[in-house]
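# Architecture and fold: a report
If you want the building blocks of each chain, they are given just below.
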Amino acid sequence: MILLQSPSRFLLQILHDRLLSQDKGVDIDCQTVEFDDVRYHIQVSMRNPKVLVLSVALPLPPEEAASFDGLPFGAIEAIKAAYGPVVQILDPPKDGFDLTLKINLAKLPSDEEQKNAILLQIASIREVVLGAPLKILLKNLSMKTVGPEAGQPVALVHRPNESFFVVPQADKATVVYPMRFLDSIDIVLATSFLQEFVEARRTAALNNAPACMWSQSPPPELNGAPESALTANAGFVTFVVNPRHVEGKKLDRTVWNLLTFHAYVSYHVKCSEGFMHTRMRRRVDTLIQALDRAKSDAEKLKKMVTGPSFKK
Amino acid sequence: MANTIRLYLTCIRNTLEAAMCLQNFPCQEVERHNKPEVELNTSPGLIMNPVLICRNEAEKCLIETSINSIRISMKVKQADELENILAKKFLRFLSMRAEAFQVLRRKPVQGYDISFLITNYHCEEMHKHKLIDFIVQFMEDIDKEISELKLSVNTRGRLVATEFLKQFI
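Summarised in this report is the structure supplied together with it.

Rules of the game
- As a convention, each chain's residues are numbered from 1 in the sequence order in which they are written.
- Chain A is the first chain written and ligand 1 is the first ligand written, with later ones labelled in order.
- Totals for whole chains, interfaces and linings use all residues, but because this is a predicted model, local features are given only for residues with pLDDT of at least 70 and pairs of side-chain atoms are given and counted only at 80 or more.
- Only heavy atoms go into the side-chain values, all of them from the structure, while hydrogens and water stay out.
- Note: two strands are recorded as paired if DSSP finds a minimum of 2 bridges between them.
- Runs of H or I in DSSP of at least four residues are treated as helices and runs of E of at least two as strands, each being numbered from the N terminus.
- Whenever a helix is involved, its axis is fitted only over the stretch in contact; in every case the axis is a line through C-alpha atoms, and angles between N-to-C directions fall within 0 to 180 degrees.
- In this description, contact between two residues means that some pair of their heavy atoms is separated by no more than 4.5 Å.
- As used here, buried area is the combined drop in accessible area, with a 1.4 Å probe, of two parts when they are placed together.
- Just to be clear on terms, a salt bridge is a Lys or Arg side-chain nitrogen sitting within 4 Å of an Asp or Glu carboxyl oxygen.
- In protein, a polar contact means a hydrogen-donor-capable atom and an acceptor-capable atom, both N or O and within 3.5 Å, with residues adjacent in sequence counting only if both atoms are side-chain atoms; elsewhere, any N or O pair within 3.5 Å suffices.
- Classification used: nonpolar for Ala, Val, Leu, Ile, Met, Phe, Trp, Tyr, Cys and Pro, charged for Asp, Glu, Lys and Arg, polar for all others including Gly.
- Any angle that falls under 35 degrees is termed roughly parallel, while one over 145 is termed roughly antiparallel, one within 65 to 115 roughly perpendicular, and all others oblique.
- Working rule for handedness: look at the near helix, and if it is turned counterclockwise from the far one by less than a right angle, call the crossing left-handed; if clockwise, right-handed.
- Buried, partly exposed and exposed residues are distinguished by accessible area as a fraction of the type maximum, computed with a 1.4 Å probe on protein chains only: under 20%, between the cut-offs, and over 50%, respectively.
- Our arc is simply the arc of the directions from the helix axis toward the C-beta atoms.
- For a helix, the expected span equals 1.5 Å multiplied by the number of residues minus one.
- Lining residues are defined by having an atom within 4 Å of a point belonging to a cavity or pocket. Those points lie on a 1 Å grid over the protein atoms alone, cavities being sets where a 1.4 Å probe fits but cannot get out and pockets being open sets with protein on both sides within 12 Å along at least five of seven lines.
- Grid points are joined across faces, edges and corners, and a volume is the space filled by probe spheres set on the points.

## Section: the sheet that holds strand S4 (residues 87-90) of chain A
Residue and element names in this part refer to chain A. Strand order in this open sheet of five strands is S1-S2-S3-S5-S4, and the pairing throughout is antiparallel. Sheet topology places strand S1 (28-34) and S4 at the edges, where each strand pairs with a single neighbour. Neighbour to neighbour, the strand axes of the sheet diverge by 20 degrees on average, direction disregarded. Note: strand S2 (residues 38-44) against strand S3 (residues 51-57), five bridges, orientation antiparallel. Paired with tyrosine 40 across the bridge in S3 is valine 56.

## What about the interface of chain A and chain B?
Across the contact, 47 residues belong to chain A and 41 residues belong to chain B. Each partner contributes to the roughly 4,700 Å² buried at the junction of chain A and chain B, and carbon and sulfur atoms together form 72% of this total. At the boundary of chain A with chain B, the tally comes to six salt bridges. Where chain A meets chain B, there are seven residue pairs in polar contact (both at pLDDT 80 or more). Looking at the side of chain A that touches chain B, the element that brings in the most residues is helix H8 (residues 261-294) of chain A, giving 19 residues. For the side of chain A that touches chain B, the residue count by class is 26 nonpolar, nine polar and 12 charged.

## Concerning the packing of helix H6 (residues 184-202) of chain A against helix H3 (residues 81-96) of chain B
Look at H6 of chain A against H3 of chain B: their axes get within 10 Å of each other, and the N-to-C directions meet at 140 degrees. Taken as axis vectors, H6 of chain A and H3 of chain B run oblique relative to one another. Regarding H6 of chain A and H3 of chain B, the two cross each other, and that crossing is left-handed. Taken together, the residues of H3 of chain B that come into contact with H6 of chain A (itself represented by Ile185, Val188, Leu189 and Ser192 of chain A) are Glu81, Leu82, Ile85 and Lys89 of chain B. Partitioned by chemical class, the residues of the contact of H6 of chain A with H3 of chain B number five nonpolar, one polar and two charged.

## With respect to helix H2 (residues 75-83) of chain A
All names here are of chain A. All of the buried residues along H2 are Ala75, Ile79 and Tyr83. Projection of H2 onto a plane perpendicular to its axis shows the buried side chains occupying an angular sector of 40 degrees, all on one side. Looking at H2, the residues exposed on the side facing more than 90 degrees away from the buried face are Glu77, Lys80 and Ala81. Summarising the contacts, the buried residues of H2 are in contact with S4, strand S5 (99-104), helix H3 (112-123), helix H4 (125-130) and helix H5 (132-142).

## Section: H3 of chain A
The end-to-end C-alpha separation of H3 of chain A is 17 Å, in line with the 16 Å expected for 12 residues at 1.5 Å each. Buried residues along H3 of chain A sit in contact with helix H1 (9-20), H2, S4, S5 and H4 of chain A.

## Observations regarding empty space enclosed by the protein
All names here are of chain A. Scanning all chains against the criterion turns up four cavities of 30 Å³ or more. By volume, the largest cavity amounts to about 60 Å³. Phe35, Asp36, Arg126, Leu130, His158, Leu259, Thr260, His262 and Ala263 are the residues that line the largest cavity. Those elements that place two or more of their residues in the lining of the largest cavity are H4 and H8. When the residues that make up the lining of the largest cavity are grouped by side-chain class, the tally is four nonpolar, three polar and two charged.

Right, here's the structure in full:
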């Protein structure tokens, strides 16, 4: 799996299982944690078998990213637009969570395809809620209009206590990510990966992809941003998004990809380290075999004889 | 550039063949102790002149011999930041498994990346020429492994970037 998938497998599995076993009485109460501090808590009680209660906790936003009642800007409207009557927002959310939804399985459309589409959308709750402000900015781009924030960097949350910046303009949106990693090895690997992004963009096949730049120091687009956001140990990545990338069906995919860019790079850095460990272990085994060959046969015979005993 | 590695390794092999004449030598200072004299460095009569073989400024190999032990230290080529951390990671990985390798030293000598300590006991247990084969193959394998790791990181980076950017088209 190279790309990060938008619908959460955990939620999708539980929703499908619930649909299949509607008559069998089993209470469900499960919690899970996803990358970047997103937590889910899903409950079904047999008193109301058609109703699921889903609570979502979001990453802690830093000061510069505006938060309205604990949810990103535009999240509530996005939820209403995406799910309609199937989902109802419960206010206040459960203790320890930022959002609680009541999902009514009875209100799902009877058509199989539409039902699956809505379930997939519910499992993508993360994209709907966290991606709401970004979606609004990019929708403006697709309609070639600008809101009041034109030309200024807008801070959006993608990781706990860290934000990335979008500078919306009439004909393009510039997205800047300060990339921070904790481990020094991660920093070097990530820097080499990010430079590959710039190289890959230059190939002819990817001419229509957003323009991509990497720099060690903050780019000029971040001139209006607060000081704390301007330090990044793995450099700054800039993408220039055109209206062509956000028209029609591409909007959701673009929102998800931009929202999870840091998580994507981080995931592949970790995969790379895991792969290196496997390789190194294999190499160690080969070398030890080579050393064994160096042992004289007398030594090997001695070791074999003192091992298992002979049966008479 | 590719030719010099052969010359470098041949030179190291010849030096090792000449230097690896080890015999049992009980410690002169303490009764009933038997220590590798090259590590102690106490008596000048027991230690031979160290030989330094340089391939270029970045790569070199130091061979120190004594009457009952020989210490081989290597400095591995590290061109850029990525090769630097890959080499460090890999050599630390090997050094932690020094027990399995028997002839490997847990910590490299100051100024080098990895060290071997071969004693007369190892020479008694193993064939001398096969041991030298092992050391030379080890050196070759380290170089190969680091360049392969670097290649895998770059290839993966390219693939990851291409897949991501393709999503926007």
